[in-house]
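Structural overview for review
In case you want the letters, here they are:
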Amino acid sequence: MSQGWKITVIVLAIAGVLSTPLIWLLDSPGAGQLAGATVQAAVGIAALLWALFQRPSSAGPTDRTVRTGIASRGGITGIRRPGGRGRGSATAKRTGEASGKNSVSGIDYSN
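Below, the structure is looked at part by part. (Residues numbered from 1 in each chain as written. Predicted model: local features only at pLDDT ≥ 70, side-chain atom pairs only at ≥ 80, totals over all residues. Heavy atoms only, no water.)

When the terminal C-alpha atoms of helix α2 (residues 31–52) are compared, their 32 Å separation across 22 residues agrees well with the 32 Å that a helix rising 1.5 Å per residue should span. Looking at α2, one finds that the buried residues are Ala37, Ala41, Gly44 and Ala51. Summarising the axial view, the buried residues of α2 lie within an arc of 100°, below the 170-degree limit, and thus occupy one face. For α2, the exposed residues lying more than 90 degrees away from the buried face are Ala31, Gly32, Val39 and Val43. (Helix = DSSP H or I, 4+ residues; strand = E, 2+ residues; numbered from the N terminus. Expected span 1.5 Å × (residues − 1). Buried < 20%, exposed > 50% of the residue type's maximum accessible area, 1.4 Å probe, protein only. Arc of directions from axis to C-beta.)

In this section: the environment of Phe53. With respect to the element layout, Phe53 can be found in the loop between α2 and β1 (63–66). Judged by relative accessible area, which is 65%, Phe53 ranks as exposed. Put simply, Phe53 and Lys6 are 47 residues apart on the chain and 9.9 Å apart in space, counted from C-alpha to C-alpha.

Keep in mind that these numbers describe shape and distance, not what the molecule does.
Next up, the structure:
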């Protein structure tokens, strides 16, 4: 769950829980209003607890490369993440040979 959605659910859950006493304060509540207020409060509390215990989503995609070819004349054999961008994990195993200026074998984090 993204941080934005988590905050939205928490705010709505708190609003639901806090608005429940308003039903009891307005007019004298009947049995149906009391039952509705109880359900509203229970759903609000459940949503609040659910949102609070959600783990952040994974950092990003997992990039993996194995047994790549040969890089020459500025080529890349493996994974390229310019400027270190990308938040997931990157793994390069048994990459090919790199020959020539600016050729990379493995993971390239350069600009």
